[in-house]
Amino acid sequence: MTEDIPSTPRKDLLTIGELSREEILSILETAKPFKELFTRSVKKVPTLRGKTVLNLFYEPSTRTRTSFEIAAKRLSADVTNFAVSTSSVVKGESILDTIDTLQSMQVDYMVVRHKVSGVPEYIARHTHAAVINAGDGYHAHPTQALLDAFTFQEIYPEMDGHRIVVAGDILHSRVARSVFEVMHQLGVEVGTFGPATLVPDTVPDFVTILTSFEEVLEFNPHVLYLLRLQLERQQANFFPSMREYHRQYGVTLDRFKILRDRGTWIMHPGPVNRGVELVDDVMSYERTLINTQVENGIATRMAILYHLTPEERKRPEPEAGQ
Amino acid sequence: MSELLFQGGQLAVTTQSDLLQADIRVLDGIIQEIGPHLQASDQHQVINCSGKILIPALADAHVHLREPGREDAETIASGTEAALAGGFTHVLAMPNTDPPIDTGGMVTFVQTMARNKARIPVSVAGSLTQGREGSKLAEIADMATQGVVMVTDCNHALQDEYVLRRALEYTRHFDMVVGVYPDTPSLSREGVMHEGRESFRLGLPGIPAMAEEIGIERDLRVAHAVKGRIHVQNVSTAEGVATIRRFKERGLNVTAETTPHHLLLNHSALEGYGTRFKMMPPLRTPEDQAALLEGLKDGTLDMIATGHAPHTDFEKNLDFLNAPFGVVGLETALLCVYSDLILSGQLGWDTLIERLSSAPRLLMKSPLTTFEPGHGFECTILDPSLQTTVSRESFQSQSFNSPWLGETLKGGISAVWRGETDLLG
Amino acid sequence: MQEHPVLNPHEMDAAIRQLGERIFERHGTGPLAMVGIQTRGVTLAERLETVLMEKGVDLLHGTLDISLYRDDLSNLAALPHVKGSEIPFEVEDATILLCDDVLFTGRTIRAAMNVLLDYGRPNRIELAVLVDRGHRELPIAATYTGIEVQTAKEDYLRVHFQETDGSDQVIHYAQEGS
């Protein structure tokens, strides 16, 4: 006999904002036994046997795609990767055309990555499959945020009252938006740090904008979360040079020493630009959680797949009088 | 000789914000008499208008009819039928067709098509620069000879102040206006919605209000310096309204328009990423809405224009970045202004007919349709007892990219009279 | 629904003791690995362990969560909470006694055996249940049964434990008229 999660089944995971605190905690709780699985000789469970998970990546991302692929396979699902070239949009195939095609392939779960915000939501409205947003535009990356919350919770089981600083290019970051929300929901105090060009005043009210590394130290975060900097931002004059970015907003060697003395944990969604967001030494620091995040990514994504329920596919009704 | 008596209706008139209970006698298509309880003689055909509202037929100084070039989205025929269904009997067609309307010859070509295909007059705007490329002036005098009342490059905002200056100087000898689209492309860049909290939350690139504010300020300064005649299209920001007001006070001959959607909607409508709400300039904030309404009331904004911009389902079904800007508006303009602004008492009928009929007609040099003896009888009849559900089936337009699709608006347009004919009958 | 008490606290204690006796008869002092199925199977295993420990049996202890091995996930209105399994001993060549409160369709036991086999190849798996209510859908039988109860398929049968439910008893909820 088991107790049931008292909520109507959720079809899609599109943003953190749609999840209640209880639902987030329930997903994180589910991720724990999945992580324990990895220590067994057979790392697989038959939960999704006979189901099909489709990785629909309109934007290449080997890391996230692989993480989902392993997660799905450990649940015994069949996994198909469907790489869509964005040029097909120009050629006149709309997203709906693609979805219609995939719909007829009887897919149960769709993992969607798209460079344009809102596309997973749009797809979710047009398919019976459960849709998981694997990152859309600058909008949301809920699975990343959940795995980050899981990682945070492993270190600090009571997250309430702890502090995190998310540093870097907030403006163009779906990770930042989702991490802000998940941490806030779980009672973590959120600060942010980055060039004023990349940290707009339009961040949510609960986020404290820090304008210097000294202010970051004063905020005294338990976790410093560094975002990957897209190097092309420099071309658009968001900051003058990589060198200046690193010195002003990165974890330099001097800053690293202070953080290490304080025992501050470091997180990063990867891949890391060494010498930009952080100096190389951070990578071998015992409180750098970057690899843990990757491992936890699989367990969390398994929990998410487990948590979602595709709509029953309706068989076409026989037409009247025929 | 034919005589019609429109009896029992309520009239929207220029002299009061409320409706006026009066009858109208029309002889051979010309208004003869207006007054209460006009007597019907034997020759009169009586049109019972009891319970209905008679509005001077509307005009729209900003529509895209897409022909030639994009007949899959709209044609002159379907676009003008959409206008009629919405109560409009005169429209000004924008020149961003394919090829663009940038020569006297193209103007004549489109005018000829319109005469053959449309049941209402279509004025044609010409391009300001050749190919709408923003560098060389189009043959403006040639187009003026063909009756062009406005030259504009539409959504290709002029980037070069020198070209703008020359255009505003050159057009002074011709009885026409230079239409400008208020934008600073180097600031709006790849933006797709109003820059603010909503755009941050939705993760979409923003278009800052200052792109429009600077655009208006710049264009009006140039017009003021060279005493040009300028018309600002699609105003969407509070600061833009304030700038126009300031230049009007300084005596600049400027007119300006805003749209029903910018008056009635704001950026929160983009929740859910509906491309039916993607337009340029973008939907702004509630504060901007309030300033637009204020500007509309005090006359800073002379007219409401729909900016009717048809796009096919295929185009609008693209993702939010790639879907084109623009929404259709002809068939919903009157009803949503009536539903949201008139019935709530925020706007009077006198202002409504000024902004939706008289001002655009002045700009297009089209005879006024206000109810006065001697004016030709052109009248849109609104039935307040009806409701109109905006649906694909109800549309005359070939495109359905309306923000109000699926909504039910109060009132229904039951007839559009011109002279002795009900064009919807 | 009609409530029929099946076992009172006294009878339940006796039934568990008797189960323990029979297990001891067969296995002597072990070693024996007791594995309870979440949630009430775990309690039954603990009760049996108390009995067996008094007799000096060498016991190992584990718990199983079968949520991820269920074959009816898509038919459930709500998802079961995954509690996780804990098998802190070597499964290879172990003698394992699976414990559950009620044996019904047999699907839970099928899933539990699948989980166990993913940990290794045990020497032997046996099954102890407090109540067998019939209606098997798989060819599975208990090695040790506390009590057999005649039920209709739609009936409910609940085992209550002091630890989880406040009292020890077994109740059969029969549909009206059955």
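Source: prediction; values computed, not measured. (Residues numbered from 1 in each chain as written. Chains lettered and ligands numbered in written order. Predicted model: local features only at pLDDT ≥ 70, side-chain atom pairs only at ≥ 80, totals over all residues.)

Colleague: Where do I start with the overall build of chain A in this structure?
Modeller: Regarding its fold elements, chain A presents eleven helices and nine strands. Here the C-alpha radius of gyration of chain A, 21 Å, is about what a compact globule of 322 residues would show, namely 20 Å. With the C-alpha coordinates of chain A rotated into their principal frame, the extents come out at 80 × 55 × 35 Å. Within chain A, the fraction of its 322 residues that count as buried is 48%. (Helix = DSSP H or I, 4+ residues; strand = E, 2+ residues; numbered from the N terminus. Rg over C-alpha atoms; globule rule 2.2 N^0.38 Å. Buried ≥ 20, exposed ≤ 12 C-beta atoms within 10 Å, placed from the backbone.)

Colleague: I would appreciate a short explanation of the domain arrangement of chain A in the present structure.
Modeller: Reports often express the size of an interface as the amount of accessible area lost when the parts come together. Residues and elements named next belong to chain A. Domain annotation for chain A reports domain 1 (21-140 + 297-307) and domain 2 (142-295). Relative to domain 2, the C-alpha centre of domain 1 lies at a distance of 26 Å. Counting residues at the interface gives 20 residues for domain 1, matched by 19 residues for domain 2. Here the residues of the side of domain 1 that touches domain 2 are counted per class, giving ten nonpolar, six polar and four charged. (Domains from an automatic or database assignment. Contact = placed C-beta atoms within 7 Å. Nonpolar A, V, L, I, M, F, W, Y, C, P; charged D, E, K, R; others polar.)

Colleague: Which parts of the structure should I look at to understand the interface of chain B and chain A?
Modeller: Listed by partner, the interface residues are 14 residues for chain B and 20 residues for chain A. If you tally residues by element for the side of chain B that touches chain A, the top one is helix H6 (residues 197-202) of chain B, at three residues. Here the side of chain B that touches chain A is composed, by residue class, of eight nonpolar, four polar and two charged.

Colleague: Can you help me understand the sheet that holds strand E8 (residues 58-63) of chain B in this one?
Modeller: One key point about sheets: their strands pair by backbone hydrogen bonds, in either a parallel or an antiparallel sense. Residue and element names in this part refer to chain B. Reading across the sheet, the three strands line up as E8-E9-E10 and stay open at both edges, with parallel pairing between neighbours. Here the strands that pair on one side only, and so sit at the sheet edges, are E8 and strand E10 (122-124). Between one strand and the next, the sheet's axes are offset by a mean angle of 20°, whatever the strand orientation. The pairing of E8 with strand E9 (residues 88-93) spans four bridges and is classified as parallel. Bridged to Val-63 within E9 is Ala-93. On the sheet, helix H1 (residues 76-85) packs against E8, E9 and E10 and is oriented at approximately 135° with respect to E9. (Pairing = 2+ DSSP bridges. Axes fitted to C-alpha atoms, helices over the stretch in contact; angles between N-to-C directions.)

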